[in-house]
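The chain contents come next:
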Amino acid sequence: MGLLIYLLFCAFLITNTYVWAHAENVLNGKDNQATGCGPDECQQLRDRLEIVEAAIRSLVTVLASQKNEQSVTINSMIVSDPALRAILSPPNVHFPANNVTLASGEVADTQGKNAVHYFKGGVKCSLAHLVDVNYSGNCNCFLQVSMCIINDYKILPYLATGNITATLAKNNSLQIEWTLISTDCIKFSSGVWIRIFDEESNQHQSYSAKTYLEIPNKCLKRRANASFSIVLLPPSVKASLPRKPNSCHFKLPDALIRCLAYTVEVVPNYQSLMGRPLLTRIVIPPEEGKKVTTLLEFQAFSHSDSLSLKWQDNSGCAPQMSSIILKSFPDNGQSVSNTNSSVKIPRSCLQNDDGKQNDHLFSLTLSSQQTCPVGWKRLDACRSYRVDLTSEYSEVWTSGTSSLEIFTTQHGMFPDNPFVWYCETSTFYCNSSDSENHHTCWGNRYICSEDTDIDCDLGIRMNCDKRCAKGFRCGLQCISTEQVCDGKYDCFDGSDEHYDCDYARHCNQLTESSGHFSSLIRTPGVPVKQQHFLSAVQKTIVSIAVQANHTVWLSFHKFNTLTEHFLNVYDGPYSTSPLLMSYSGSIKPLSFRSSSNTLYVEFPSYYYNQSYGVDVFYTSMPSTGTPFIPGCGGYVYDNGEVFSPDFFDDLVGDCVWFVEARQNGDAIFLKRNYTISTNQPKITVRDGWSSSGKVLYDEQDSSQRRMVVHSITRKLTVRFRPPTVIAYRTYFYWNVTSVSTTECEQNLVGLSGTIKSLNYPALYPNSSDCRWAIFTPPDTKIRLFFPTVETEEGFDYVYVYDGPTTSSRLLLEKSGLASALFTVTSSTNEMLVRFTSDELISFPGFLAIYSIV
């Protein structure tokens, strides 16, 4: 193919050189006749031209049958150039027998020289995609070499390229800027041809002049750096006047489709000869306001052996999405181990959740059993990962990356053959094919003994290396380290499969704003002797991730572990995060708070002994940005204590406790267990967890000082402020108890009725919170008459509200013995009566009669 190109090229240049060199000789008076040629000479010239033209036609016929980039450019030049078409057409040039006058005078001389110069320059620059042009001095042409020297131009194989860029403006017009391959070619340029196409459509599009915009030189904007530019308007733009033939306003042939990649081709026009095409690619972005980031709705559910993703592509380019690039980073990239760094997944592996109606919803499941041909490897269990997803469109451009933190969950497994717990601690389990010894327990002395004929499937004399220099010792046995935590018992005492084995861990993630987790009570499915109850233990892991800009509070409702089994709380989402606390034993830890919105918690779960284990509640609160000081505030769920901190510590300021009852409808009961003193902190109790909640207790207000406080809702806030004078170190406690209100709630409807405390006139029960809602006909009021009230003063109270809830206006608060009869009247036809008692002393209570007014 290269040989044909050089043949055609040399033949064309020979023709051009011969004709124009001879013409120059004539014009310069170097021939016998100054203004023409003789009959013999003209006949020779005509014969020579016919021979060359015939040779060119033969070469072009062979070249036209070739199909590649170079031949396409040459063919298009041949089709579009009238001079070449004349050469390729049948001979129709006839020189007269007599002399032919080519020109006369100085005008003819100048025009002839200019024509020679521009024709040579146009040929040189149009073929610059094959050769480069530099000065030399001679002219030779060889078929076997890739160099041809013609007059003052040295032509070498072309290596350099011009520069071109294309950008889309806000009004959807396309601005194209380019530089020619050589500044020497600028003076020979008469304009450009421009074509814009996408790769798919170009495969079916003919390569003809109809597909190009022909733009003359005068319409190009030339810049100082020898570059050119032009702006093509969108087809939708309507000109105020019809476009004139010589107008320089050009439009794109077709509207550019969003999210597609287009090729912009600029072909220089050198005196009607096509130069080397300059190509660039441009991606039409999504509509303004559409985010290229695709994972606006993204969910990830991951187990150690699978990963499931679900997302919504809101880029507007979902139909053109060809693949996704998925990257996973253990511990958010903080870990050096990253086996799943990157994997490219074709669209064929994705599922379209909503079919054709919503083609922008996708899901993907990767697992070790997958059929999708990608090199995905399983993730580590019980570990946090950052997952990055990037969408690729039309295989040429990508979206912005979207990220999400996920946690790999796992259901812990039991080792094979868990019968190690079947026998007493001083014996071992022997599973034998011998029917007499099947499922029996033998003393440990028989392990590795030569004086016994016991035959166990596990091999009683296996792994009996007494030195055990490099292995793992388990009693009298020694196994290789590779057999430890392999999911199968290789030691008779079972110590090779233990609490910290990865496969045995059970882990999950909690993402609600509040919740609960506890030790799992599970069974391995085989009988377990009581001596092994505390050995049958599994490590449980919980990752807590609440909403951003919040912190996590932990409240320990139950806590009892063996001393070797710790509850570890890490201040962050990873096991490598800072250790916040490590605790074991039977004393409940203090409430703890994270510094961010994540916690990582490890704790033991015991299979058979339910008196052991942990039971923890958590909640989230807006972050204050202050560091946590243990003992300064906390979270109490259901029951416990709130207490003042050590105000001798200069770092301690206000300490806030958040208290919550068990369930909706329950109330919180606070009981003070100290006496008022000058050294005590300033204490304020509010209903709810808002700083604007109703004040139920204020140490500074003597009218509100009391021994007990009952919440209106299921939540309370207790704030301890430092005392004015810190005279000595002391602590102040309030006991916290949840009280159910559902056991004695009643709705009373009618014109009149009676209300009395439980068991009246006998003693009412302790720790009660009873409520009676009264409803009478519309446009009536309720009068409540109290013949008797007798409660424990300062601890048990009767409340009356002017409305149906505890949030209504308080009409009455009574405790102790009433010295006289009294009445309370509502302002509407609804009223609520509430009676509360503490956990100690009881009295007869109260009796009340209601009627309408």
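Conventions we followed
Residues take numbers from 1 onward in each chain, read along the sequence in its written order. Predicted model: local features are reported for residues with pLDDT of at least 70 only, side-chain atom pairs are reported and counted for 80 or more only, and whole-chain, interface and lining totals are derived from all residues. Each side-chain value is derived from all of the structure's non-hydrogen atoms; neither hydrogens nor water enter the calculation. To qualify as a helix, a DSSP run of H or I must reach at least 4 residues; to qualify as a strand, a run of E must reach at least 2; elements of each kind are numbered from the N terminus. The buried label goes to any residue with under 20% of its type's maximum accessible area, the exposed label to any with over 50%, and the partly exposed label to all in between, with areas taken from a 1.4 Å probe on protein chains only. In this description, contact between two residues means that some pair of their heavy atoms is separated by no more than 4.5 Å. Note on areas: Shrake-Rupley, 1.4 Å probe, and residue coverage restricted to the protein chains presented here. For salt bridges, the criterion is a side-chain nitrogen of Lys or Arg within 4 Å of an Asp or Glu carboxyl oxygen. Under the rule applied, a polar contact is a pair of N or O atoms within 3.5 Å (in protein, one hydrogen donor and one hydrogen acceptor; residues adjacent in sequence only if both atoms are side-chain atoms). Side-chain atoms within 4.5 Å link the members of a nonpolar core, which is a set of buried Ala, Val, Leu, Ile, Met, Phe, Trp, Tyr and Cys residues. Each Phe, Tyr or Trp ring, with Trp reduced to its six-membered ring, pairs with another whose centre is within 6.5 Å; inter-plane angles below 30 degrees give stacked pairs, above 60 give edge-to-face pairs, and intermediate values give tilted ones. Strand pairing is assigned whenever DSSP identifies at least 2 bridges connecting the two strands. Geometry is summarised by axes, namely lines fitted to C-alpha atoms with helices restricted to the contacting stretch, and by angles between N-to-C directions that run from 0 to 180 degrees. All tallies of charge rest on Lys and Arg as positive and Asp and Glu as negative; His and the ends of each chain are not included. Confidence of the prediction at every residue is given by pLDDT, a number between 0 and 100.

### Considering the overall build of the protein
Helix and strand content of the protein: six helices and 54 strands. In the protein, which comprises 853 residues, the share counted as buried stands at 47%. Within the protein, contacts between residues separated by at least 24 positions form 70% of all contacts whose residues are at least 6 apart in sequence. When the accessible surface of the protein is summed, it comes to about 42800 Å², and 51% of that surface belongs to carbon and sulfur atoms.

### Quick look at the pattern of salt bridges
Applying the stated criterion across every chain yields a total of 18 salt bridges. Between Asp 500 and Lys 539 there is a salt bridge, with the nearest N and O atoms lying 2.6 Å from each other. Taken together, the positions of Asp 500 in the loop between strand E27 (477–479) and strand E28 (506–510) and Lys 539 in strand E30 (residues 537–545) put the pair 39 residues apart, joining distant regions of the chain. By sharing partners, the salt bridges in this structure join Asp 331, Asp 380 and Arg 383 into a single network.

### Side note on the side chain of Asp 802
Following the sequence through the fold, Asp 802 ends up in strand E50 (residues 797–802). Its relative accessible area of 11% is what places Asp 802 among the buried residues. Polar side-chain contacts of Asp 802 include one of 2.6 Å to the side chain of Ser 827. Excluding residues that lie within four positions of it along the chain, Asp 802 makes contacts with Ser 808, Arg 809, Leu 811, Ser 826, Ser 827, Thr 828 and Glu 830.

### As for the nonpolar core
Ile 176, Trp 178, Ile 194, Ile 196, Ile 215 and Leu 232 are the most contacted members of the largest nonpolar core, which totals 32 residues. For this core, the secondary-structure elements that each account for two or more residues are strand E5 (164–168), strand E6 (174–179), strand E7 (189–198), strand E8 (213–216), strand E10 (227–233), strand E12 (261–270) and strand E14 (278–283). Ranked by residues supplied to this core, first place goes to E12 with four residues. With near-sequence residues (within four places) excluded, Ile 194 lies in contact with Ile 176, Thr 211, Tyr 212, Leu 213, Ile 215, Ile 230, Leu 232, Glu 265 and Val 266.

### Quick word on the packing of aromatic side chains
Per the counting criterion, the structure on display carries 26 aromatic pairs. Look at Phe 592 and Phe 628: their rings are 5.8 Å apart centre to centre, the planes differ by 55 degrees, and that puts the pair in the tilted class. Linking Phe 592 in strand E34 (residues 592–593) with Phe 628 in the loop between strand E36 (613–622) and strand E37 (634–637), this pair joins segments that are 36 residues apart in sequence. Phe 628 matches Phe 592 in its accessibility class, with the two residues each being buried. Here Phe 643 and Tyr 733 contribute two aromatic rings whose centre-to-centre distance is 5.7 Å and whose plane-to-plane angle is 45 degrees, an arrangement assigned as tilted. Here Phe 643, found in strand E38 (residues 640–643), pairs with Tyr 733, found in strand E45 (residues 733–739); they are 90 residues apart in sequence, far enough to count as distant. A residue is classified by how much of its surface remains accessible, and Tyr 733, at 29% relative accessible area, is partly exposed.

### Digging into the environment of Gly 585
With respect to the helices and strands, Gly 585 occurs in the loop between strand E33 (579–583) and E34. The spacing of Gly 585 and Thr 561 is 24 residues in sequence and 5.1 Å in space, taken between C-alpha atoms. Among all residues touching Gly 585, those that are not within four sequence positions of it are Phe 559, Asn 560, Thr 561 and Leu 562.

### Topic: unusual backbone geometry
Cis geometry marks the peptide bond from Tyr 760 to Pro 761; its omega dihedral reads 10 degrees. Tracing the backbone shows Pro 761 in the loop between strand E47 (752–756) and strand E48 (769–775). Within the chain, Asn 463 stands out as a residue other than glycine whose phi angle is a positive 55 degrees. One non-glycine residue, Asp 638, lies in the positive phi region at around 75 degrees. Structurally, Asp 638 can be placed in the loop between E37 and E38.

### Notes on the environment of Asn 766
Secondary-structure assignment places Asn 766 in the loop between E47 and E48. Taking the C-alpha atoms as reference points, Asn 766 and Thr 836, 70 residues apart in sequence, are found 8.7 Å from one another. Here Asn 766 is in contact with Ser 837, Asp 838, Glu 839, Leu 840, Ile 841 and Ser 842, once residues within four sequence places are set aside. Looking at Asn 766, its side chain comes within polar contact range of the main-chain oxygen of Leu 840, at 3.1 Å.

### Describing the sheet that holds E38
Strand order in the open sheet formed by four strands is E38-E45-E40-E43, with antiparallel pairing between adjacent strands. Taken across any chain shown, the strands that pair with only one partner, and hence form the sheet edges, are E38 and strand E43 (708–710). Strand-to-strand twist across the sheet, computed as the mean angle between neighbouring axes with direction ignored, equals 25 degrees. In this sheet, E45 lies alongside E38 in antiparallel orientation, the contact comprising four bridges. Residue pairing across strands places Phe 643 opposite Tyr 733, the latter belonging to E45.

### Focus on the side chain of Asp 687
Here Asp 687 is to be found in strand E41 (residues 682–687). Within the buried set, Asp 687 has no salt-bridge partner at all; the shortest N-O distance to an opposite charge, 7.3 Å, is to Arg 834. In terms of polar contacts, Asp 687 uses its side chain to reach the backbone amide nitrogen of Ile 712, at 2.7 Å. Among the polar contacts listed, one links the side chain of Asp 687 to the backbone nitrogen of Thr 713, at a separation of 3.1 Å.

### Here's the deal with the confidence of the model for the protein
A residue-level look at the protein finds 72% of positions with pLDDT of 70 or above and a mean pLDDT of 77. The weakest mean pLDDT in the protein belongs to strand E3 (residues 148–150) at 28; the strongest belongs to strand E32 (residues 567–570) at 96. Segment residues 203–207 is flagged for pLDDT under 50; beyond a separation of four residues in sequence, or across chains, it makes nine contacts in the model.

### Overview of the pairing of strand E18 (residues 343–346)
On E18, burial follows the alternation: Val 343 and Ile 345 on one face are buried, whereas Lys 344 and Pro 346 on the facing-out side are not. Here strand E17 (residues 321–330) pairs with E18 via four bridges, running antiparallel. Bridge pairing in E18 places Ile 325 opposite Lys 344.

### Let's talk about the sheet that holds strand E52 (residues 822–825)
Spatially, E47-E54-E49-E52 is the arrangement adopted by the four strands of the open sheet, whose pairing is antiparallel. Two strands lie at the open edges of the sheet, namely E47 and E52, each paired on one side alone. Across the sheet, the mean angle from the axis of one strand to that of its neighbour is 20 degrees, orientation sign disregarded. Across four bridges, strand E49 (residues 782–790) lies against E52 in antiparallel orientation. Within E52, the position partnered with Phe 786 by the bridge is Phe 822.

### Section: the environment of Leu 520
Inspection of the secondary structure assignment puts Leu 520 in the loop between strand E29 (514–518) and E30. Distance in space between the C-alpha atoms of Leu 520 and Gln 610 is 9.4 Å, their sequence separation being 90 residues.

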